Amino acid sequence: MTEKPRRVSSASPRKPQKPMVKRRLPSSPLIVAKPSPQEEEEANDLIYGRHSVLAALESDRQLNRIWITNKLHYDARFHTLIQAAKAKGSVIDEVSIQRLNQLTHGGNHQGVAAQVAPYAYHELETLIEQAKASSNEPVIVIADGIADPQNLGAIIRTAEALGTQGLVIPQRRAAGVTSTVIKVAAGALESFPVARVVNLSRALETLKEAGFWIYGTAATGGKSLHNMELRGPIGLVIGSEESGLSLLTERCCDQLISIPLTGKTPSLNASVAAAIVLYEVYRQRWSEKLHL
């Protein structure tokens, strides 16, 4: 028996395939958003100047580190408070004037500086409760996008000095309580509560539900300040330095207030406007007490 001839394929024999190797795409570098100057300052708060540091020492606020000259360390105003701060865990460094100049970038430190723990904001509901408990006609200031720490600090200083019960600020696109704010406020923040909210419009509605009448300051279009009767619980909204009140915030206000101006300057600095309106609020209340 003869064997059948084998079939010979006309196709060329297959070459052995190389194992597939998956090409790994170069990984994109992790992009980390650079913190803003405000965020950097909030993360590493430094206050300086005798009045600011004394106010912080006299309060319950935690101071992480204190830099002080030898002479001031043993000053009667500071020595006992410095020892108490040390007992609470603060690191005390006796340093030269040159070192303080370096730390404060040439600021007016007056021989002392301190790194404070991040500011502990109040809850809005707690702020409202405390305000209503401390006064029959509480006043709360609302800062709508104040971006300049100097302005925010000045507003806080005026508000606390006149007897206002607290401040509300938005969490985004606005200055927070940083060392600059604390410095400008000149100790006012040690006894003045600040609430930081995610949604400012919702915060205004919460204030309304709590019985507050919301007034917003406007360069034009509002009722003249001297024609207003500013009594009862009040929420006073101060607009940002550049654009004033946002449209959404303006809609939440019960009444807009304008400060009459007769000069060529069309508007006032935010902190100055706040001071003028707040003074008028308390002037009316003081006047009534005098008449009684």
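Refer to the preceding data block for the structure.
So, here is what we can say about the structure in this document. (Residues numbered from 1 in each chain as written. Predicted model: local features only at pLDDT ≥ 70, side-chain atom pairs only at ≥ 80, totals over all residues. Heavy atoms only, no water.)

1. Focus on the nonpolar core
Okay, so step 1: Core analysis: the largest hydrophobic core is formed by 53 residues, its most contacted members being Ile66, Phe78, Leu152, Ile156, Leu167 and Leu189.
Okay, so step 2: Ranked by the residues each element gives to this core, the list is headed by helix H11 (residues 270-291), at seven residues.
Okay, so step 3: The residues that make up this core include at least three from each of domain 1 (41-116) and domain 2 (124-290). (Core = buried A, V, L, I, M, F, W, Y, C linked by side-chain atoms within 4.5 Å. Buried < 20%, exposed > 50% of the residue type's maximum accessible area, 1.4 Å probe, protein only. Helix = DSSP H or I, 4+ residues; strand = E, 2+ residues; numbered from the N terminus. Domains from an automatic or database assignment.)

2. Quick look at the environment of Gln110
Okay, so step 1: Position of Gln110 among the secondary structure elements: in the loop between helix H5 (97-103) and strand E4 (112-116).
Okay, so step 2: With a relative accessible area of 36%, Gln110 lands in the partly exposed category.
Okay, so step 3: When near neighbours in sequence (up to four residues on either side) are disregarded, Gln110 contacts Gly49, Arg50, His51 and Leu72.
Okay, so step 4: A polar contact is formed between the side chain of Gln110 and the backbone nitrogen of Arg50, at a distance of 2.8 Å. (Contact = heavy atoms within 4.5 Å. Polar contact = N/O pair within 3.5 Å; in protein donor to acceptor, adjacent residues only side chain to side chain.)

3. What about the sheet that holds strand E10 (residues 234-239)?
Okay, so step 1: Here we have seven strands laid out as an open sheet, ordered E7-E6-E5-E10-E8-E11-E9, and parallel in their pairing. In this open sheet, the two strands that pair with only one neighbour each are strand E7 (194-197) and strand E9 (223-224).
Okay, so step 2: Where strand E8 (residues 213-217) meets strand E11 (residues 255-258), three bridges bridge the pair, whose relative direction is parallel. Across the sheet, Thr217 pairs through a bridge with Ile257, a residue of E11. (Pairing = 2+ DSSP bridges.)

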